[in-house]
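The primary structure of each chain is shown beneath.
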Amino acid sequence: MAIYFDNNSTTRLDPRVFEAMQPYLQGPYGNPSSLHRYGRAARDAVEAARAQVAVLAGAQAAEVIWTSGGTEADNFAVKGAAASAAKPTRMLYGATEHAAVLESVQSLRGQGWAVDAIVMRQDGLIDAEGFAAQLAQGPLRLVALMRANNETGVIQDLARVADAIHAQDAWLLVDAVQTAGKIPLDFVALNADLLSLSAHKLHGPRGIGALIKRAEVELTPLHHGGGQEQGLRGGTENVAAIVGFGVAAELAVQGRGTRAAQMLTLRRRFEAGLHALSGTRIFAEATPRLPNTVQFALPGYVGEALLMALDLKGIAVSSGSACHSGSGEPSHVLLGMGVARDVAFGAIRVSFSAENTEAEVDRVLAVLTVLHAEAMAV
Amino acid sequence: MNSPASVVLSPLPDDAGNAIIYLDYAATTPLDPRVLEAMLPYLQGADDPALRWANPASTHGPGLRAREGVERARAQVAALIGAEPREIIWTSGATESNNLAIKGAIEFNRAPGRPIHIITSRAEHKCVLDSCRYLETQGVAVTYLKPGADGRVMPQQVLDAITPDTALVSLMWVNNEIGAVQAVTELAPRLRERGIQFHVDAVQAAGKLAINLQDTPIDLLSVSAHKLYGPKGVGALFVRRWPRARLAPQMHGGGHEQGMRSGTLATHQIVGMGAAFALAAREWTIEMPRLTALRERLWDRLRGLPEVLRNGPQDPSACAPHILNISFAGVDGESLRAALPSLAVSSGSACSSATAEPSYVLRALGRGDALADASLRFSLGRGSDADTIDCAAGQVVDSVQRLRELSPLWTP
């Protein structure tokens, strides 16, 4: 049986989520914008799910805007904030952000925006002094910082930086795609202005996400037309996926404590096993991290090669973000933390879900032990 | 193989317990059960040892198997419209496709300080008009052509509107409210000659009439799954390879879809779109004459009433098979809709229904506000048959007659 340790890439749909979606795939539901009963039935489902996702994020239902996923939410937040500005000023982003944020912010360069990366320390956390100096360098529109990193799992303490960002009259965008369902999430306590979410990272369907937006934050739409989502995001709502997101959110809220504890048990067991393999390095090991994520390098292996060797044994892991796989470049996350290129090339990421078992961890460790011994023998 | 008509929406009851007849297939269609079956292995993880629900961007085995599903679907979508698979870019739906085509083409082709011009029509879908209006705020010049009374823009009108700055023409193949078929095949070579990019919104045309992009030099073409018995939340944009149409991406991050559209692919939805397009390719030549006959049957029954006007081309062959739009003189629009609780039709585009304004498309054709408001769009599909059409026609005829009897506006 295949072992799936790539849950930061995507997760298996929870059967209960599928069950909730099924009527909306098969049943008498129309276009939620239609005024007849088929449309209204679909509309009711969309709004019920909005309330469920709001609870997950610690936000109000009216603050939830549906998107096609985390990438669209990040793009919408960054480019929407740029387009609604009176004139181009400045944006800051964490050097270890997901490509969706990174490339969105960088795309603004040609449009007169100054964009700068926020330097991370070796432990993956913000360098507070350098960040404070960056903040003070003139007018600022938006700062994008992820709550937890998709590769290393490093959790940033954002409440501290939010006040400083607001003092500069700027907005804070928090990419919380990897956070939801793993650690507590509270839009209000984070003091964020914008927050992006994705369903398929928490056992919901692919193709649906949300941007949480405080009412005062003004964004120009990314998808114009149709008037859906308060005129902010055109397009017929993906009703079944929205319903699935809602239920996945509810299950994540209900099960979060238990799931997190299960994942942490797996992670600790796995890390203990890695410690026995000489020369193995776990990145940001001493930093607060997601309970499910381990990024490490096994001596003597390039990440991609190790990934292939594990794949042949039916074990699915990742050499970084799936969004960057096959690029032949080392992880920008590790480079952003000051890790040397040759070390970064060796990195692979294991990410658990609560569906994984200790027996699976032991099997993967056994395979890694053999691969490690082979490399040592060379 | 099941017959197309086996796709019947299990009907909802109205307050009196009567089944509500669904004639709003242009707003959205039910998912074909055969499509759902194709989607399930990529959606549901429970029983799939191949883990085909994995992220198709992942390099491991499960990711690879997910990608195989994505690529098969790409070929299926391409086949229906005579394109090459690599010319198909996945999106979250036609709204995104239209936004990407229009804003992406203009952004790519725009040189600093040089004026740039788009030609479109007043009868386009909201997402095309709103994209153009947004570009106007960015300094782009836009000409909104007024269609003729039949809803069609004459190719000569487009050619006359061309300026030295014209970079893009965007027109819909089949109008979503009145079903008018635009002369895009005639126009395309003439725009190609002039080096002007041509974007076509083919959401209501795909699977309804012949589209062969090998012969028709359209550069960009938008399609949607949920108008063709596929799932909501997925669409595609055809981007021609030769001569190459170039776009500035509107969604960054990860470089999926040849860098033109990033974001984790929703494999099950993409597979569903592929299956839906493959079914349409097999069945449309049988299904469309059936719908045309049903549409004319509906019109024959409604035209028995005095002063009903058919919106769109009077020549049925210039109309898409599935859409019939009728204005009823002498009745109030809101009262008419309220008098038809057992009929799911629309007064225009679902995407415009939030505004409660009379259809801007019908007004663009020269219908006055009152008449535009007293209009119904009937759109037919796989669940429609002679019985449902006769029953729907009966309800409309009764309601219009009753409302006219009560109306001070009506003088027979």
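What counts, and where the lines are drawn
- Residues numbered from 1 in each chain as written.
- Chains lettered and ligands numbered in written order.
- Predicted model: local features only at pLDDT ≥ 70, side-chain atom pairs only at ≥ 80, totals over all residues.
- Helix = DSSP H or I, 4+ residues; strand = E, 2+ residues; numbered from the N terminus.
- Rg over C-alpha atoms; globule rule 2.2 N^0.38 Å.
- Buried ≥ 20, exposed ≤ 12 C-beta atoms within 10 Å, placed from the backbone.
- Contact = placed C-beta atoms within 7 Å.
- Core = buried A, V, L, I, M, F, W, Y, C linked by C-beta atoms within 7 Å.
- Domains from an automatic or database assignment.
- Expected span 1.5 Å × (residues − 1).
- Arc of directions from axis to C-beta.
- Pairing = 2+ DSSP bridges.
- Nonpolar A, V, L, I, M, F, W, Y, C, P; charged D, E, K, R; others polar.
- Bend = angle between axes of the 7 residues up to and from the residue.
- pLDDT = per-residue confidence, 0-100.

Another aspect to go through is the overall build of chain A. Across its full length, chain A carries twelve helices and twelve strands. For 378 residues, the compact-globule estimate of 2.2 N^0.38 gives 21 Å, and the C-alpha radius of gyration of chain A, at 21 Å, lies within 12% of that figure. Of all 378 residues assigned to chain A, the portion counted as buried reaches 61%. Taking the contacts inside chain A whose residues are at least 6 apart along the sequence as the reference set, 73% of them involve residues at least 24 apart.

This next bit is on the nonpolar core. One broad trend across soluble globular proteins is that nonpolar side chains are buried collectively. Counting 248 residues, the largest nonpolar core has A57, V174, I212 and V243 of chain A together with F238 and A276 of chain B as the members making the most contacts within it. Sorting elements by how many residues they give to this core places helix 8 (residues 239-275) of chain A first, with 15 residues. The residues contacting I212 of chain A, other than those within four sequence positions of it, are A57, A59, E63, V64, F187, L194, L195 and L197 of chain A.

So, about unusual backbone geometry. A cis geometry characterises the amide bond from W242 of chain B onward to P243 of chain B, with omega recorded as -10 degrees. Here P243 of chain B lies in the loop between strand 8 (235-239) and helix 7 (267-302). Backbone geometry places H203 of chain A, a non-glycine residue, at a positive phi of 65 degrees. Structurally, H203 of chain A can be placed in the loop between strand 7 (194-198) and strand 8 (209-213).

What follows deals with the domain arrangement of chain B. Residues and elements named next belong to chain B. The domain architecture assigned to chain B consists of domain 1 (7-31 + 285-406) and domain 2 (34-278). Of note, the centres of domain 1 and domain 2, computed from C-alpha atoms alone, are 28 Å apart. Each partner contributes residues to the interface: domain 1 has 30 residues there, and domain 2 has 30 residues. Looking at the side of domain 1 that touches domain 2 element by element, the count peaks at three residues for strand 10 (residues 323-328).

Once that is clear, we can look at the domain arrangement of chain A. All names here are of chain A. You can read the domains of chain A as domain 1 (3-11 + 256-377) and domain 2 (15-251). Each of domain 1 and domain 2 was reduced to a C-alpha centroid, and the two centroids are 27 Å apart. Counting residues at the interface gives 27 residues for domain 1 and 26 residues for domain 2. Elements supplying a minimum of two residues to the side of domain 1 that touches domain 2: helix 8, strand 10 (293-297) and helix 10 (332-336).

Moving on, we come to the environment of D24 of chain B. Relative to the helices and strands, D24 of chain B is located in the loop between strand 1 (21-22) and helix 1 (33-43). Taking the C-alpha atoms as reference, D24 of chain B lies 6.8 Å from L380 of chain B; in sequence the two are 356 residues apart. With residues near it in sequence (within four places) discarded, D24 of chain B still touches G30, S34 and H36 of chain A together with A344, V345, S346 and S379 of chain B.

Our next topic: the environment of C319 of chain B. Its location among the elements puts C319 of chain B in the loop between strand 9 (308-311) and strand 10. If we skip the residues at most four places from it in the chain, C319 of chain B touches G179, A180, V181, G312 and P313 of chain B.

Residue and element names in this part refer to chain A. Given a rise of 1.5 Å per residue, 20 residues ought to cover 28 Å, and the 28 Å separating the end C-alpha atoms of helix 12 (residues 358-377) matches this to within 8%. Residues of helix 12 that are buried include every one of V361, V364, L368 and H372, and no others. On an axial view of helix 12, the arc spanned by its buried residues comes to 80 degrees, and they lie on one face. Facing away from the buried side of helix 12 by over 90 degrees, the exposed positions are A359, A366, V370, A373, E374 and A377. Buried residues along helix 12 sit in contact with strand 1 (3-4), helix 8 and strand 11 (315-316).

Before going further, it helps to examine the pairing of strand 8 of chain A. All names here are of chain A. Taking burial as the measure, the five residues of strand 8 include five buried ones, the bulk of the element. Along strand 8, one buried face is formed by G209, L211 and K213 and the opposite face, lined by A210 and I212, is buried too. The sheet contact formed by strand 2 (residues 64-67) and strand 8 spans four bridges and is antiparallel. Each residue of the ladder has a partner; that of T67, found in strand 8, is G209. In terms of strand pairing, strand 7 meets strand 8 through five bridges, oriented antiparallel. Within the sheet, the bridge partner assigned to L197 lies in strand 8 and is A210.

With 64 residues of chain A at the contact, the number on the chain B side is 62 residues. Among the secondary structure elements, those contributing two or more residues to the side of chain A that touches chain B are helix 1 (15-26), helix 2 (37-57), helix 3 (70-83), helix 4 (99-106), helix 8 and helix 9 (303-312) of chain A. Classifying every residue of the side of chain A that touches chain B gives 23 nonpolar, 32 polar and nine charged.

Right, let's get into the environment of Q182 of chain B. Residues and elements named next belong to chain B. Considering the arrangement of structural elements, one finds Q182 in the loop between strand 5 (166-172) and helix 6 (184-193). Judged by the 25 C-beta atoms lying within 10 Å of it, Q182 falls in the buried class. With 185 residues separating them along the chain, Q182 and R367 place their C-alpha atoms 19 Å apart. With residues near it in sequence (within four places) discarded, Q182 still touches R152, V153, L171, M172 and W173.

Moving on, we come to helix 8 of chain A. Residue pairs spaced three or four apart in an α-helix point in one direction, given the helix's 3.6 residues per turn. Between its terminal C-alpha atoms helix 8 of chain A stretches only 46 Å, short of the 54 Å expected from 37 residues at 1.5 Å a residue. At G255 of chain A, helix 8 of chain A shows its largest kink, close to 70 degrees.

With that out of the way, let us pick up the confidence of the model for chain B. Predicted coordinates in regions of low pLDDT should not be interpreted in detail. All names here are of chain B. Averaged over all residues, the pLDDT of chain B is 93; the fraction at 70 or higher stands at 95%. Segment residues 1-5 is flagged for pLDDT under 50; beyond a separation of four residues in sequence, or across chains, it makes five contacts in the model. Scoring the predicted complex yields pTM 0.96 and, for the interface, ipTM 0.95.

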